Amino acid sequence: MKGAVIALAACALLTACGSIRFAVPYPSVGTPARTPGAANEIVNVVAKDDRTDPGGAVGRNGWQTLVPSNDPAGALAGGMRAELAARGYTVAPGHAQATLDLVSFAVDFLPNDLPLQASPGAPGGTVIATVGIIVIVRDPVARPVFAHYLQVHAAKPYYFNTSNAPDARTVLSEAMQSAITGMIADPAFQQAARRAQ
Amino acid sequence: MSQEPAVIDVPFEPHGLPPSVAGAAATTVSVSVTDLRNLRYDWVASAIPGRLLDAPLPIHSSFYETYHETPIKAANDVPRTIADALRGQLAAQGYRIGPDHADIRIGVIRFHEDIPSAQTMNNCFYNLIPETVSVVAIAAALVEVVDASDRPVFVKYYHAAHKVTPWCSPGQPIWAPSLLSLYRTNLIAAMRDMVGQIIGDSHFQEALAKGGRP
């Protein structure tokens, strides 16, 4: 009985039970170094959402279920296009075609201790974002020349609040950017983009 | 107080043999596997949301142990079981299994069970908050086929999710052996679904024909 009572009490305390919809951030692009030879290469990026439950919850902080209000796979593909452009590639169809396949996208709240001790503003624990992507690069006749799976995490402390959606956004943004940068910085990806022209 | 993980074996259990494939006898394929999962202790489930299985941090003991949560690990080598399953199914379809022709490279990305949180379990157990409770077993792999010259001719992500709902009845002991049995059955079903998707995919078969003949 104890666990349920705790859940109900904390639920009433935070008045924030149920689903919270939040916009998945568009990964920010910094000023990456130009990739040698990129100016002669044309790459297109399309998104594919292969999560187990597309459109469903990405995490839960005790009593709040976090549900994206926009398209995470589309946001990642958009971020990848922006990063490629910033590195000097021409982003357009007809040459190398990269498919960004989103396979995992989640936020986990690891509490420090029992929610019984929760009060707004109190230290909560660690929030971790997980982003898993597969990028497949195909040449103009659709032959695969590159396939790679990459999973990244980002973490930060969180505090009990009426909404932890901003915390989710922060760690997701960091993980999304790491995934994109990690993939494009991979020499094998760059060679594939060249071979697929 | 730390809890020893529960252990379950997760074998491949097909529903009969797949139909033979025309031309398979002239095609030689090999299967290799890589474990791309990011799991601690080879967990396949625990009574916490399954996404945590991907998390790099240790699970804090006080919260979870208070709720009697225990990690569950596989007794067998899951990626190897999947590779063996694929070899067996391909042989049943008529393919010759051997080196030097097409190599099927499986990267196992996920194999675990999403189980509701302890809080949800408690709510369900005491029938305090009506909720739809379900257990979802997930199997996912990236499959590549390369030809004898090591050139990729096919690549595709396969995933299967097998869901059982509802599974929690008021008054049911949380760690009853029947729950472990349910987790095991669900994981076996997800593995079977994924392997079935792979061998039944016409594009995969075309790739084998392209890459697996001299």
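If you're wondering where the values come from, they're calculated on a predicted model, not measured in any experiment. (Residues numbered from 1 in each chain as written. Chains lettered and ligands numbered in written order. Predicted model: local features only at pLDDT ≥ 70, side-chain atom pairs only at ≥ 80, totals over all residues. Heavy atoms only, no water.)

### Concerning the confidence of the model for chain B
Turning to step 1, where the next piece is worked out: Here chain B shows a mean pLDDT of 77. Residues at 70 or above account for 66%.
Turning to step 2, where the next piece is worked out: A low-confidence stretch, residues 47-68 of chain B stays under pLDDT 50, and its non-local contacts, those more than four residues away or across chains, total 83 contacts. (pLDDT = per-residue confidence, 0-100. Contact = heavy atoms within 4.5 Å.)

### Here we look at unusual backbone geometry
Trans is the prevailing form of peptide bonds, just as negative phi is the prevailing case for residues other than glycine.
Turning to step 1, where the next piece is worked out: The residue A:Ala142 is not glycine, and still its phi comes out positive at about 70 degrees.
Turning to step 2, where the next piece is worked out: Looking at where A:Ala142 falls in the secondary structure, it is placed in the loop between strand E7 (123-138) and strand E8 (144-159).
Turning to step 3, where the next piece is worked out: A relative accessible area of 47% means that A:Ala142 is categorised as partly exposed.
Turning to step 4, where the next piece is worked out: Positive phi, normally seen in glycine, also occurs at B:Asp100, with a value near 80 degrees.
Turning to step 5, where the next piece is worked out: Within the element layout of this structure, B:Asp100 appears in the loop between strand E5 (96-97) and strand E6 (102-114). (Helix = DSSP H or I, 4+ residues; strand = E, 2+ residues; numbered from the N terminus. Buried < 20%, exposed > 50% of the residue type's maximum accessible area, 1.4 Å probe, protein only.)

### Observations regarding the packing of helix H2 (residues 72-86) of chain A against helix H3 (residues 165-184) of chain A
All names here are of chain A.
Turning to step 1, where the next piece is worked out: Packing of H2 against H3 leaves a shortest axis separation of 10 Å and a crossing angle of 45 degrees. Of the possible angle classes, the one that applies to H2 and H3 is oblique. Considering only the axes of H2 and H3, their crossing is right-handed. Between H2 and H3, the contacting residues are Pro 72, Ala 75, Leu 76, Gly 79, Met 80, Glu 83 and Leu 84 on the first element and Met 176, Gln 177, Ile 180, Thr 181, Met 183 and Ile 184 on the second. (Axes fitted to C-alpha atoms, helices over the stretch in contact; angles between N-to-C directions. Parallel < 35°, antiparallel > 145°, perpendicular 65-115°, else oblique. Left-handed = near helix turned anticlockwise from the far one by under 90°.)

### What about the pattern of salt bridges?
Oppositely charged side chains can form a pair if their charged atoms are brought close together.
Turning to step 1, where the next piece is worked out: As enumerated under the stated definition, the model contains 14 salt bridges over all chains in all.
Turning to step 2, where the next piece is worked out: A salt bridge links A:Glu83 to A:Arg87; the nearest nitrogen and oxygen atoms lie 3.2 Å apart.
Turning to step 3, where the next piece is worked out: The salt bridge partner of B:Asp103 is B:Arg105, with a shortest N-O separation of 3.0 Å.
Turning to step 4, where the next piece is worked out: B:Asp103 gets classed as buried once you look at its relative accessible area, which sits at 15%.
Turning to step 5, where the next piece is worked out: We classify B:Arg105 as partly exposed; its relative accessible area is 32%.
Turning to step 6, where the next piece is worked out: Put simply, B:Asp9, B:Glu13 and B:Arg184 are held in one network by salt bridges that share partners. (Salt bridge = Lys/Arg side-chain N within 4 Å of Asp/Glu carboxyl O.)

### Considerations on the confidence of the model for chain A
Turning to step 1, where the next piece is worked out: Overall, the predicted model of chain A reaches an average pLDDT of 85, with 87% of residues at or above 70.
Turning to step 2, where the next piece is worked out: Of the regions scoring below 50 in pLDDT, residues 1-16 of chain A engages in 30 contacts with residues more than four places distant in sequence or in other chains.

### Points about the packing of aromatic side chains
Residues and elements named next belong to chain A.
Turning to step 1, where the next piece is worked out: Evaluated as defined, the whole model comprises four aromatic pairs over all chains.
Turning to step 2, where the next piece is worked out: Taking 4.9 Å as the distance between ring centres and 80 degrees as the angle between the ring planes, the aromatic pair formed by Phe 109 and Tyr 158 counts as edge-to-face. Of the two residues, Phe 109 is situated in strand E6 (residues 96-111) and Tyr 158 in strand E8; the sequence distance between them amounts to 49 residues. Each member of the pair, Phe 109 as well as Tyr 158, is classed as buried.
Turning to step 3, where the next piece is worked out: Three or more aromatic residues link up through ring pairs in this structure, and these residues are Phe 109, Tyr 158 and Phe 160. (Phe/Tyr/Trp six-rings, centres within 6.5 Å; stacked < 30°, edge-to-face > 60°.)

### Quick notes on the pairing of E6(B)
Residue and element names in this part refer to chain B.
Turning to step 1, where the next piece is worked out: Among the 13 residues of E6, twelve are classified as buried, and the element is accordingly described as predominantly covered.
Turning to step 2, where the next piece is worked out: Note: strand E2 (residues 28-35) against E6, seven bridges, orientation parallel. Bridge assignment links Val 29 to a residue of E6, and that residue is Ala 102.
Turning to step 3, where the next piece is worked out: The pairing of E6 with strand E7 (residues 135-146) spans eleven bridges and is classified as antiparallel. Bridge pairing in E7 links Ile 106 to Val 143. (Pairing = 2+ DSSP bridges.)

### Quick look at the nonpolar core
Residues and elements named next belong to chain A.
Turning to step 1, where the next piece is worked out: If you look at the biggest cluster of nonpolar residues, it comprises 50 residues, and the most contacted ones within it are Met 80, Val 131, Ile 133, Val 135, Val 137 and Phe 189.
Turning to step 2, where the next piece is worked out: For this core, the secondary-structure elements that each account for two or more residues are strand E1 (18-22), strand E2 (42-49), H2, E6, E7, E8, H3 and helix H4 (187-195).
Turning to step 3, where the next piece is worked out: Beyond its immediate sequence surroundings of up to four residues, Phe 189 is in contact with Met 80, Leu 84, Val 135, Val 137, Phe 146, Met 183 and Ile 184. (Core = buried A, V, L, I, M, F, W, Y, C linked by side-chain atoms within 4.5 Å.)

### Things to note about helix H2 (residues 78-93) of chain B
Residue and element names in this part refer to chain B.
Turning to step 1, where the next piece is worked out: In this model, H2 (16 residues) spans 23 Å end to end at C-alpha, consistent with the 22 Å of a helix rising 1.5 Å per residue.
Turning to step 2, where the next piece is worked out: Listed as buried for H2 are Val 78, Pro 79, Thr 81, Ile 82, Ala 83, Ala 85, Leu 86, Gln 89, Leu 90 and Gln 93.
Turning to step 3, where the next piece is worked out: Between the side-chain oxygen at the start of H2 and the backbone nitrogen of Arg 80 there is a gap of 3.2 Å, and the oxygen is on Asp 77.
Turning to step 4, where the next piece is worked out: In the segment just after H2, Gly 94 is the residue with positive phi, at about 110 degrees. (Expected span 1.5 Å × (residues − 1). Polar contact = N/O pair within 3.5 Å; in protein donor to acceptor, adjacent residues only side chain to side chain.)

### Focus on the environment of B:Val145
All names here are of chain B.
Turning to step 1, where the next piece is worked out: Within the secondary structure, Val 145 sits in strand E7.
Turning to step 2, where the next piece is worked out: A sequence separation of eleven residues divides Val 145 from Lys 156, and the C-alpha atoms of the two residues are 9.2 Å apart.
Turning to step 3, where the next piece is worked out: Setting aside its immediate chain neighbours within four residues, Val 145 contacts Ala 102, Asp 103, Ile 104, Arg 151, Pro 152, Val 153, Phe 154, Phe 204, Ala 207 and Leu 208.

### Digging into the side chain of A:Asp50
Turning to step 1, where the next piece is worked out: Tracing the backbone through its elements, the reader meets A:Asp50 in the loop between E2 and strand E3 (59-61).
Turning to step 2, where the next piece is worked out: Among the polar contacts made by the side chain of A:Asp50, one reaches the side chain of B:His159 at a distance of 3.5 Å.
Turning to step 3, where the next piece is worked out: When residues no more than four places from it in sequence are discounted, the contact partners of A:Asp50 are A:Asp101, A:Leu102, A:Val103, B:Tyr157 and B:His159.

### Remarks on the side chain of A:Arg51
Turning to step 1, where the next piece is worked out: Mapped onto the elements of the fold, A:Arg51 is located in the loop between E2 and E3.
Turning to step 2, where the next piece is worked out: At 2.8 Å, the side chain of A:Arg51 and the side chain of A:Asp49 are in polar contact.
Turning to step 3, where the next piece is worked out: The residues contacting A:Arg51, other than those within four sequence positions of it, are A:Val58, A:Pro72, A:Leu102, A:Val103, A:Ser104, A:Phe105 and B:His159.

### Some thoughts on the environment of B:Ala190
All names here are of chain B.
Turning to step 1, where the next piece is worked out: In this structure, Ala 190 sits in helix H4 (residues 177-199).
Turning to step 2, where the next piece is worked out: Among the residues examined, Ala 190 registers a relative accessible area of 0% and is labelled buried.
Turning to step 3, where the next piece is worked out: The spatial distance from the C-alpha of Ala 190 to the C-alpha of Phe 12 is 9.8 Å, given a sequence separation of 178 residues.
Turning to step 4, where the next piece is worked out: Those residues in contact with Ala 190, other than ones at most four positions away along the chain, are Ala 137, Ile 138, Ala 139, Ala 160 and His 162.

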